[in-house]
Each structure stands twice: as C-alpha cells, then as structure tokens.
Amino acid sequence: MCPAVGMAISCHIPGITLPLVGRAREGVLTQENMTEPVLTLSGISKSFPGVRALHDVALELYPGEVTALIGENGAGKSTLVKILTGIYRPDAGEIHVRGEPVSLPTAHAAFEKGITAIHQETVLFDELTVAENVFLGHAPRTRFKLIDWKKMRAEAQSLLDSMGAELRADTRLKELGIAKKHLVGLARALSVEADVVIMDEPTAALSQKEIEDLYVLVELLKEEGKAILFISHKFDEIYRVADRFTVFRDGEMVGKGMIKETAQDEIVRMMVGRSVDHIFPKVKAEIGEVVLSVEGLSHPTEFADISFALRRGEILGFYGLVGAGRTEVMQALFGITRPSGGSITIDGREIAPRSAADAVAAGIVYVPEERGKQGVVIGLPIFQNVSLPSLKRTSTSSVLQLAQEFALARTYTERLDLRAASLSQDVGTLSGGNQQKVVIAKWLATNPRVIILDEPTKGIDIGSKAAVHAFMSELVGQGLCVIMVSSELPEVMGMSDRVVVMREGRIAGVFDNKGLDPVTLVETAAGIRSQAA
Amino acid sequence: MTDAAETTHRHIPDRLDNPIKSAVLSWETLLVLVAVVIFILNSLASPYFLNAWSLSDLTFNFTEKAVIALAMALLITSGEIDLSVAAIIALASTLMGMAVQWGVPTPGLVAIGIGVGLACGAFNGALVTGLKLPSIVVTIGTMSLFRGISYAILGDRAYGGYPSDFSFVGQGYVWWVISFELVLFVFAAVLFWFALHRTNFGRQIFAIGNNAVAAQFSGVRVARIKFVLFCLTGLMSGIAAVMLTARLGSTRPSIAQGWELEVITMVVLGGVNILGGAGSITGVVLAALIMGLVTFGLGLLNVPGIVMSIFIGGLLITVIALPILYRMWRERRA
Amino acid sequence: MIRLLKQREVMLLAIIAIIVALVTTRSAGFGRPGNLTAIFNDTAVLMMLACGQLVVILTRSIDLSLASNLALTGMIAAMVNAAMPGIPVEVLILGCIVVGGLLGMFNGLLVWKLNIPPIVVTLGTLTIYRGTVFLVSGGTWVNAVEMSDRFKSFTRAEFLSLPMLSWIAILVIALFALMMLRTPLGRAFYATGINPTAATYAGIDVGKTKFIAFTLAGMVAGLAGYLWVSRYVIASVDVARGLELQVVAACVIGGVSIAGGIGTVGGAVLGALFLGVINNALPVIGVSPFWQMAISGAAIITAVIFNARGERRGGRIILKTAEAG
C-alpha cells in the first residue's frame with residue numbers, strides 16, 4: 001500500500017488534542033452520583049427509502065451534565081436530533097422524559113416536554129429582531145394577553161448581557177454574522193424552561209474567541225441543571241466540555257462511557273470502525289505542466305488576492321474553517337460568482353466565465369457541496385441528470401437521442417459503480433453517496449480538464465466515500481487535475497499533493513504534502529500561526 | 001462496507017417499469033376517460049351535439065385559449081407563470097384596430113398582432129430574468145399595464161372595420177368543417193409537443209422547473225431559456241389576439257377578459273405541475289378539449305356561461321385533489 | 001429592515017401627499033377635508049381587503065378568491081334582507097363574516113390538509129364562488145328598491161363627520177395592526193413566511209397558520225360583501241369583478257413581499273390608499289379615468305422593483321475589511 005494510508009490513520013491522533021492542548025480538562029465537573037437521567041431513549045430505529053438512518057440506538061441524558069454525541073457525518077446524529085425535536089417520528093423505540101414515556105409527534109410537543117435545540121444551520125428568522133427570535137412562541141404578555149414588546153426587549157437584552165454577547169435586542173437578525181446568530185439561538189435555548197438542550201455542532205462556524213465564550217455558556221447551562229446533548233466531531237472540544245459520550249457509527253450505537261475514563265484513540269476507533277484502511281487509496285500520479293493558474297482573483301466581499309497554480313495529475317487540497325471563502329472562490333472559477341479582479345488561465349488561455357455553461361465549455365467543472373440543491377436535479381431520472389451538460393453531444397441537431405443518452409449515462413455511472421435499480425429512476429431516490437456519483441458521472445461525461453470537488457464526501461456512507469476517493473486517484477492518473485475543498489483533516493492529508501489553507505477570504509498558506517504536520521494546517525486555518533514564507 | 005473495492009461493474013438497466021403499464025396509469029389516460037365521458041353525456045343530453053358542424057363549432061370554444069396554453073405549459077413547467085396573456089391580447093388587438101384606421105392591410109395587421117405579443121412577452125421576460133423579480137407579481141403588474149394602455153387608447157369606444165380577408169384567420173375554413181383556427185392549433189400543438197418532449201430545449205425546461213439552481217450549476221443557461229419562454233408566451237398570445245380579433249371583427253379593451261385564469265386552468269388540468277418540473281403537451285391538449293366540451297355541452301343545454309365556470313373551477317380543484325386524497329387514503333391503510 | 005419598511009410607509013405617505021397637493025393646485029376642491037374623507041370612504045373596502053390579503057401573502061400564499069367571496073356574501077346578505085327585512089343589520093353583518101369565513105376556511109383547508117398550491121386553490125374558488133352568486137340569485141339583481149332602509153343607511157350614517165363605512169374600515173385596520181404587532185398569532189404569520197422550517201422548530205404549525213390566514217381573509221371579504229352592497233345599493237354577479245388583483249396590487253405597492261414574511265398593515269393600507277387617490281385624482285386633472293388601470297400597472301411594476309431591492313438578502317461577508325467598510 002502507499003504511504004499515504006498510514007499517514008491518514010495517524011493524523012487522526014495528533015489532530016485531536018489541538019489546539020487547546022494542556023487546558024482541555026479544567027472545566028469539566030463530573031457528577032458521578034446516581035442521578036436519574038432526564039431523558040432516556042431506547043431501541044430507536046428510523047429508516048428512509050433506501051437508507052437505514054438509525055438502528056436500535058439508545059441514549060441517556062443527565063441533569064447538569066454534557067453528553068457528547070460523537071460520530072462521522074452520516075452516522076445518524078442529525079436524524080436523532082430531528083427525532084428528539086419532533087420533526088421525525090421514529091419507526092420503533094421509546095422515549096422517556098423523567099421516567100414517563102412520551103411521544104413527540106410535533107415540534108411543539110418536544111418544546112412542551114422541555115427539549116430545545118440549537119441547530120447546525122441557524123434556523124432562525126432573518127427579518128425579525130433578536131428579541132423576537134429569542135422569544136418567538138413564548139413572548140412575555142401584558143395583562144390583556146398581548147405581547148409586551150418593552151418587557152420582551154428588556155428581558156432579551158439582559159439575557160444577552162448575562163451571556164456576555166455584545167448584541168442589541170432590537171437588531172434585525174439578518175444584519176448579524178453566523179457566530180452572532182448562534183448566540184441568539186443559545187439565548188433562545190436559555191430563555192425557555194428547557195431541561196434538555198441539544199447543541200448540534202455549535203462551534204462549526206465560530207472563531208476561537210467565540211468558541212471560548214460558548215464554553216462559558218455551556219458551563220452556565222450545566223450550573224442551571226440542564227441536560228446537554230453536545231454534538232461535535234472535534235475531539236478537543238469534546239474533551240473540553242463533555243462529561244459523558246455516546247458514539248454512533250452507521251446508524252448504530254457502538255459505545256458510551258465517561259469522557260475522563262476513556263482515551264481519545266479508543267473513541268476514535270469506535271467512531272471510524274475497522275474500515276479506516278480503505279478510505280484513502282491515494283495513488284501518486286505523474287505531475288505535469290500547469291493546467292490552471294489563478295492570479296490575484298478578488299471579490300468585493302468574499303475573497304481577495306487568490307493566486308495558485310494547478311498542475312496536470314495533481315490533487316490540490318483547499319483546507320480551512322467553514323466559511324473561510326473556499327466555496328466562494330470555487331464558484332467564481334465555475335462562473336457562478338463574478339469576481340471583481342484577477343485572472344483565470346486554463347491551458348495558457350485566459351478565460352472569464354460568466355456562467356457555469358462558460359466554465360464547462362472551458363473545461364472546468366464543479367461538484368458542489370450542496371448536493372441536493374446544486375448538484376443533482378431531483379425529479380429527473382439518473383440518465384437525464386448525467387446527460388444534462390452533454391446534451392449537445394448526445395443529440396442530433398438539438399433533437400434528443402435517448403439511446404445515446406442512455407449509453408453515455410451507462411458508461412460513466414457503471415465506471416463509478418453506481419448502485420441503482422435502473423437509469424430511469426428518479427435521482428432523488430438514491431442515497432447521498434450514489435447521488436454524488438451521479439454528479440461526478442455527469443461531469444466526467446463532459447471530458448473536463450479541471451474537476452473541483454467541494455466537500456466531496458460530506459454526509460455520504462463509508463463505502464461511497466471510498467469509491468469517490470479511489471476515483472479521484474484514477475482521475476489524476478489519467479491526466480486530469482483535481483481541486484478538493486475539504487474540512488476533513490484526514491481527507492485533506494490523505495488525498496492532496498499540495499494543500500492551500502484559506503482563512504477569512506484569503507490564502508493563509510500553501511503547503512507541500514510531504515511530511516506535513518496536520519497541526520500546521522489546523523493552526524494556519526485558525527489564524528494561530530501564519531506561514532513562514 | 002468494503003464492497004466498493006469490487007472491480008466488476010454491475011449492469012444497470014435503462015428502465016424497469018413497463019412503458020405500457022405506466023402509460024395506462026398516466027394522467028393523460030384519465031383525461032381521455034373524462035373527455036369520453038363528457039362526450040357521451042353531451043351526445044345523450046342534446047340531439048344537436050353529434051353533428052359535424054356542431055363539433056366544428058365546438059373547436060372555436062377553445063382553440064384561441066389553447067394556443068396560449070401550449071406556451072403557458074412550457075412556462076409553468078419551467079417554474080414561472082404569466083398572468084398578463086389576456087391583457088396582451090387586449091393590447092395587440094387594440095393596436096391592430098388602430099392600424100386598421102390607418103389602412104394597414106391584412107398581412108400588416110397579422111404582423112402587428114404577433115409583433116406586439118412578442119414585445120410584451122419580451123418585456124415580461126426582461127423584468128423577470130433581468131431584474132430577478134417574481135413572475136407572478138410582475139405579470140399582475142403588466143396585466144394592468146397592457147390592458148390599461150388599451151383602455152387609455154380606446155376608452156369606451158371600439159375598433160372595427162377590419163378588412164374582409166382578415167376575418168379568414170378567425171372564421172375561415174380550410175376544408176369542409178375544418179377551420180383555419182383548428183389547423184393552426186393542431187400545427188402549434190405538434191410543434192410545442194416536439195419542442196418540449198423531443199428536444200434539448202424541452203429537456204432543459206424540465207431541468208429548470210425541477211431545480212433551477214442545480215440546472216444552472218449543470219451548465220444550463222437558465223435566464224436565457226426563461227426569457228425565451230416569456231417571449232414565446234407573448235408570441236402565442238399575439239397569435240391568439242389575431243385569431244380572436246379576426247373572429248369577433250371588433251376590438252374593445254375588455255376583450256378576452258379573464259382568459260388568463262382559463263388558460264392557466266387548462267394547463268393545470270392538463271397535468272402541468274403549477275410548481276414547475278412536470279407536464280405534457282398531450283395533457284394540455286386533452287384539457288383544452290375537455291374544457292371545450294364542457295362549455296359547449298352546457299351551452300347546448302342553455303346553461304349560462306357563469307355556471308359553466310363553476311364546473312371548470314370545480315374540475316380544476318377536484319382533479320388535483322382526488323389523487324392526493326387517494327394517496328392519503330392508501331397511506332392511512334398501510 | 002424595520003427602517004426600510006418604515007421608509008416605505010413614509011415614502012408612500014409622502015407620495016400620496018404630493019399627489020394630493022399637486023392635484024389641489026389644479027383643482028382647489030381636491031384637498032378639502034370633505035373630499036379627502038370621501039376618498040378614504042371610497043377606498044375603505046380595498047384597504048380592509050388588503051389587510052386580509054396581507055396576512056395570507058405573509059404566509060407565502062395568495063388568495064385570488066377574495067372578490068368572488070365578497071360578491072357571494074354580498075348577494076346572500078342582499079337576498080336575505082330583501083326576503084326578511086326584519087332581521088337587524090348587525091345580525092346580517094355577523095352572518096356575512098361567518099359566511100365569508102367559511103368560504104375562506106374552504107380555501108385554507110385545501111391548502112392545509114391537501115397541500116394544494118394556494119394559487120391553484122383560489123383560482124378554482126375564484127370561479128366557483130363567482131358562479132355560485134349566479135346560482136343563488138338565479139342571475140337576477142337585488143336593487144335599491146328591494147333593500148330595507150336600514151340596510152342601505154347603516155354604512156352611510158355619519159359619526160364625527162365620517163361615514164360608518166370608514167369607521168368600520170378603521171376598526172378592521174386597527175384590529176389587524178394589533179393582531180400583527182401584539183399577538184403570538186400575528187408573529188406566527190411572519191415566522192411562517194420568513195422561514196417555515198424554523199417556524200416548525202419553534203413549535204408553529206405552518207399549515208394551520210396558513211389555514212387561519214385564509215379564514216381571516218375570508219371573514220374580511222365577507223364583511224366587505226355587506227359593506228359593498230350597502231354602499232353601492234346593488235348586488236349582482238358582476239360585483240367587484242377584478243378587485244382581487246387590485247387587492248394584490250395594493251399589497252405589492254405597500255411593500256409586501258410576494259415571497260412571504262415581509263410586509264406591514266400600514267404598508268398594505270397605504271398601498272390601497274395610493275390606488276384610491278390615483279383613481280380619484282385622474283378625472284379631476286382632466287385625465288381620462290381610462291388611464292387608471294395603466295397607471296396602477298406601472299405602479300405595481302415600480303413597487304416590485306423597489307421591493308426586490310429592499311428584500312435582497314445580503315450574502316455572507318467573509319472579508320474582514322469589507323465588513324468594516
């Protein structure tokens with residue numbers, strides 16, 4: 001096997017304890033008394049057409065304690081959150097709140113049982129004020145049962161102040177950044193009489209300082225005796241805030257315990273299982289001449305001064321925190337966002353794509369992160385999704401030729417080992433991984449020069465993940481070049497030839513993936529270290 | 001978990017479902033059944049119905065609206081809508097009437113009617129795709145604007161005096177009972193059927209209607225296609241204006257009042273998803289025929305037009321609600 | 001956004017004031033309080049309906065059947081009055097609100113329970129309700145002679161030199177404003193329109209909220225049914241034909257976003273008032289009233305362009321410098 005495989009496994013472990021090494025444990029107060037759990041789940045199962053999201057899982061949450069729910073993307077964490085918040089109903093299993101069996105048929109029922117959640121995507125109301133976002137549904141009322149705006153504003157303000165959030169209660173939510181919106185979500189959780197607070201990847205888009213503030217708030221919630229379910233796949237923060245943990249893998253519960261009694265590598269092993277060797281089958285390809293070069297690409301608000309070159313046979317990783325501007329740069333290369341300056345040159349020819357169609361014609365294709373929204377056209381069958389950008393080639397003078405479309409779709413989907421009953425099946429009935437294969441097949445059929453993959457394995461099962469990775473290696477082996485945007489450190493380390501790190505819309509560093517320390521990447525992305533250039 | 005490593009590729013069949021079975025269970029089949037039932041009811045209800053000339057008269061009931069419905073079907077399939085079609089007829093007809101006063105001959109009149117339609121469609125399209133405005137409000141606005149210009153020009157007067165050869169477009173027969181309008185409609189229907197179901201253009205319309213963003217990300221020039229569709233809808237409205245004006249022989253600003261709703265009903269009844277992404281020209285043609293049959297049959301029974309509209313409205317809601325109710329009933333049993 | 005919406009209201013008010021001022025320079029009588037209250041009275045029904053439509057549009061729906069609802073309830077009220085003049089008008093009004101509400105509920109049920117797009121539902125009921133007017137009346141008119149005196153005079157009775165019709169409109173507008181600003185239901189309409197997913201998470205039943213919106217709009221249309229028939233002393237199939245789009249136009253001009261979640265009672269009312277002032281001003285300045293439609297069309301298009309500029313949600317701003325600047 002190639003050396004990159006060993007690399008990929010080992011980088012889990014040094015990556016874990018950073019960047020908060022040394023002070024990871026000090027805030028943790030474990031209460032090993034025999035308190036009854038506030039919330040108990042047992043035997044919960046949930047399936048969707050073609051996907052088993054959860055199978056016979058159990059979970060307990062204790063008052064005044066933080067339980068970390070750990071698992072890779074697609075392990076079933078989000079489904080569990082949706083069951084707890086009354087969005088999905090489980091196919092089987094029981095939910096007990098304070099020993100009483102309950103059902104949570106609606107979001108309102110969950111709310112009334114004292115369960116509240118802060119979500120991955122800040123699901124709040126852009127057009128309303130902060131105060132209203134905090135109190136929607138349980139606003140203070142006057143004697144006449146009318147909403148008491150004055151009191152609401154005052155209460156929201158004092159709540160925000162007590163959290164140390166520098167926010168004004170009468171600001172419109174849409175004027176706030178993501179981190180601030182998170183704080184509003186937290187304030188909302190604090191404002192209700194909730195016993196259970198679910199925090200679904202609350203630090204995903206936060207800066208280091210904001211994360212520190214968040215930890216203080218978690219302590220506050222604990223002191224108030226709330227049971228907290230903390231979902232994350234960052235080990236440093238799990239060790240920082242959690243008391244207990246539960247690990248999910250592929251929809252099943254594979255382990256639980258007390259954080260301070262369990263070593264990190266043990267949790268890692270539970271999380272990834274045995275299949276870790278098969279994830280990154282990177283084969284080194286011959287690196288050739290420069291295919292794509294980008295010089296000083298800028299945008300008024302999203303990114304500035306982006307310059308890099310991409311060579312034949314190369315996989316260029318783009319690493320950074322969520323919201324660092326990587327997707328925006330890629331969409332500029334793909335003609336979706338219009339840059340304000342700089343140049344894009346492909347095969348020595350300068351291009352200015354004004355639409356995706358232009359970019360495709362120039363040989364640049366983009367596999368988006370938002371697969372369901374931007375990748376596949378749900379509602380159309382698989383073969384039509386594949387042929388969509390290639391219709392000119394599969395038709396004769398603009399008249400459809402189904403036989404040619406099927407042939408084209410077959411060639412590329414079978415090469416990617418697509419699992420589907422037929423090519424006429426609606427692409428929406430496929431699992432995430434197979435949808436991703438359809439998107440890739442669609443682009444391969446256009447004979448591209450550069451293929452951009454934005455978080456290519458986010459939310460897909462391990463089998464499809466391996467297929468996507470294997471295929472990336474195959475592509476560069478055939479002389480294509482690949483840009484891979486990824487926030488998964490092991491993936492970046494395992495697949496890239498070079499890594500560009502972005503931070504706040506600018507390139508913070510470019511690294512050769514030879515003896516590269518993952519710590520360097522994490523610290524560069526977080527702004528703790530700047531590249532000595 | 002490691003089965004991805006298998007090297008043998010599985011064969012994926014082109015399609016699984018039996019095309020005959022899916023054709024039998026299709027929306028179009030249901031429409032054919034409805035049409036047959038109404039046809040039988042009509043012939044039972046009135047002795048005057050089963051007669052070549054009656055049946056020919058029947059076609060005049062729907063051809064003009066149906067001509068617009070063809071283009072509207074494409075537009076709604078792409079996820080947009082145009083409420084200004086009837087107002088476009090009014091404006092086109094008014095300007096044709098004006099041209100008559102200046103002595104413009106028939107070919108010129110036809111060109112003006114079609115040209116005005118196309119221009120109005122392009123105006124709608126530019127507002128929707130250029131300024132990225134919601135088509136429903138834009139066309140509520142242009143609906144007032146276009147018809148308003150007609151009113152401003154005509155007030156409570158009317159234009160008439162169309163040349164006699166002009167009337168052929170709306171009243172003439174090509175052969176025996178086959179009217180020019182009917183031939184025009186059949187020709188247009190074949191053309192639109194081909195465009196939607198057999199060309200790249202049609203495929204891209206379906207893609208846009210299902211997910212405009214993903215279509216754009218797949219290299220489809222979404223704005224351009226939507227613009228063309230608005231132009232087409234305007235163009236067909238212009239053609240309908242020529243047909244209607246020629247048939248009536250006069251123009252009032254209230255001409256074709258309320259047609260936009262009838263055209264949309266036709267399209268939705270024809271199985272086009274009002275939210276975009278699905279639809280068929282065959283369905284729209286059948287829906288046009290059904291609406292023609294219902295209005296004509298009720299007319300034979302001396303049922304006033306306003307009561308017919310109850311049938312049409314009821315048909316619209318029932319035809320959409322029934323499959324949903326059936327599905328809910330089946331899910332409840334399962 | 002609150003600033004922008006306020007701006008919209010101030011702007012509309014200013015435009016209305018400018019129009020009134022300009023027209024008054026041409027014809028001194030136009031700006032007299034008496035004439036202004038007459039315009040207000042003229043626009044009363046449109047303003048009320050705009051409030052009802054506002055609530056529906058806020059929840060990402062649309063109700064095209066309001067004018068047909070008005071015609072149907074108006075006809076029923078007139079026929080009941082003609083047949084049984086003894087029934088007090090107050091009872092008739094309550095009856096109208098109930099009938100209108102039921103018609104609205106029918107729309108709402110189809111949208112809520114069967115998930116049929118609102119535009120399809122109300123396109124259907126638009127023709128059904130209108131046709132039913134013919135069915136119940138047999139195609140005949142109810143005219144002034146058949147209506148009782150109290151039925152006709154109720155809306156005309158003046159109090160503080162404003163007719164009852166205007167007072168009822170003011171009351172309805174005030175109630176809607178109170179509901180939108182100070183009750184959880186009012187806020188639920190906004191929440192449903194801004195972000196239905198988040199609204200669900202916040203414990204709001206999105207479908208039911210839409211149902212309530214349609215019911216409320218129907219109740220207003222029902223009330224307007226009586227008011228219309230009483231004011232114009234005629235009930236026929238053709239009453240208020242085409243008004244449904246004027247109502248939508250009033251909302252759009254008032255800054256209500258057709259995409260839901262944005263809009264105020266003040267905006268909708270001013271939008272209606274703008275149309276009312278235009279309608280009344282045209283004949284005064286010697287422009288043929290036939291220009292009315294074209295002008296309101298142009299106003300709608302202008303307003304939509306304005307709305308879109310205000311609504312455009314700012315993308316994420318990543319660059320620190322840009323955020324500061």
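See the structure shown above.
Just so it is clear, the model here is predicted, and its values are computed rather than measured.

Engineer: Give a detailed account of empty space enclosed by the protein, specifying residues and quantitative values.
Structural biologist: Per the counting criterion, the structure on display carries 2 cavities of 30 Å³ or more. In this structure, the largest cavity is lined by 21 residues; those nearest its centre are A:T116, A:A117, A:H119, A:R188 and C:Y201. Of all the secondary-structure elements, those providing two or more residues to the lining of the largest cavity are α4 (107–112), β6 (115–118) and α7 (178–191) of chain A together with α9 (196–201) of chain C. If one sorts the elements of the lining of the largest cavity by residue count, α7(A) sits on top with 5 residues. Class assignment of the residues belonging to the lining of the largest cavity gives a composition of 13 nonpolar, 6 polar and 2 charged. The volume enclosed by the second largest cavity comes to roughly 30 Å³. Together, A:V38, A:L39, A:V97, A:R98, A:K113, A:G114, A:I115, A:D195 and A:V196 line the second largest cavity. For the lining of the second largest cavity, the class distribution of residues is 5 nonpolar, 1 polar and 3 charged.

Engineer: Please set out the pattern of salt bridges residue by residue, giving values where relevant.
Structural biologist: Tallied over the entire structure, the rule returns 30 salt bridges over all chains. Close ionic contact of A:D358 with B:R221 constitutes a salt bridge, the shortest N to O distance being 2.9 Å. One end of the pair, A:D358, is in helix α12 (residues 356–362); the other, B:R221, is in the loop between α11 (212–217) and α12 (222–248), on a second chain. Given the relative accessible area of 30%, B:R221 is considered partly exposed. Notably, a salt bridge pairs B:K226 with B:E80, separated by 2.8 Å at the nearest N-O pair. With a gap of 146 residues between them, B:K226 in helix α12 and B:E80 in the loop between α4 (63–77) and α5 (85–101) connect regions that are remote in the sequence. Judged on exposure class, the residue B:K226 and its partner B:E80 are both buried. Overlapping salt bridges bring together A:R410, A:E414 and B:D14 as one network.

Engineer: Report on the interface of chain B and chain C, specifying residues and quantitative values.
Structural biologist: Facing 43 residues of chain B, the contacting portion of chain C comprises 39 residues. Note on chain B versus chain C: buried area summed over both sides is about 3300 Å², and carbon and sulfur give 89% of it. Linking chain B to chain C there are 0 salt bridges. Our enumeration of links across chain B and chain C arrives at 1 residue pair in polar contact (both at pLDDT 80 or more). Broken down by secondary-structure element, the contributors of at least two residues to the side of chain B that touches chain C are α6 (106–130), α7 (135–154), α13 (259–269) and α15 (305–333) of chain B. If you tally residues by element for the side of chain B that touches chain C, the top one is α7(B), at 14 residues.

Engineer: Can you tell me about the pairing of strand β10 (residues 252–258) of chain A, naming the residues and giving the values?
Structural biologist: Regular strands place their side chains on alternate faces of the sheet. Residue and element names in this part refer to chain A. Here strand β9 (residues 244–249) runs beside β10; their pairing, made up of 6 bridges, is antiparallel. Each residue of the ladder has a partner; that of R244, found in β10, is M258. Between β9 and β10, which pair antiparallel one after the other, the connecting turn spans 2 residues, and D250 there sits at a positive phi close to 50 degrees.

Engineer: Give me the sheet that holds strand β8 (residues 227–231) of chain A: which residues, what numbers.
Structural biologist: Residues and elements named next belong to chain A. Within the open sheet, the 6 strands sit side by side as β6-β7-β8-β3-β9-β10. Their pairing is mixed. Every other strand in the sheet has two partners, leaving β6 and β10 as the edge strands with one partner each. Pairs of neighbouring strands in the sheet enclose a mean axial angle of 20 degrees, with direction left out of account. On the sheet, helix α3 (residues 77–84) packs against β3 (66–70), β6, β7 (196–200), β8 and β9 and is oriented at approximately 150 degrees with respect to β7.

Reading the values: the criteria
- Residues numbered from 1 in each chain as written.
- Chains lettered and ligands numbered in written order.
- Predicted model: local features only at pLDDT ≥ 70, side-chain atom pairs only at ≥ 80, totals over all residues.
- Heavy atoms only, no water.
- 1 Å grid on protein atoms, 1.4 Å probe; cavity = no way out; pocket = protein on both sides within 12 Å on 5 of 7 lines; lining within 4 Å.
- Points joined across faces, edges and corners; volume = space filled by probe spheres on them.
- Helix = DSSP H or I, 4+ residues; strand = E, 2+ residues; numbered from the N terminus.
- Nonpolar A, V, L, I, M, F, W, Y, C, P; charged D, E, K, R; others polar.
- Salt bridge = Lys/Arg side-chain N within 4 Å of Asp/Glu carboxyl O.
- Buried < 20%, exposed > 50% of the residue type's maximum accessible area, 1.4 Å probe, protein only.
- Contact = heavy atoms within 4.5 Å.
- Buried area = accessible area lost by both parts, 1.4 Å probe.
- Polar contact = N/O pair within 3.5 Å; in protein donor to acceptor, adjacent residues only side chain to side chain.
- Pairing = 2+ DSSP bridges.
- Axes fitted to C-alpha atoms, helices over the stretch in contact; angles between N-to-C directions.

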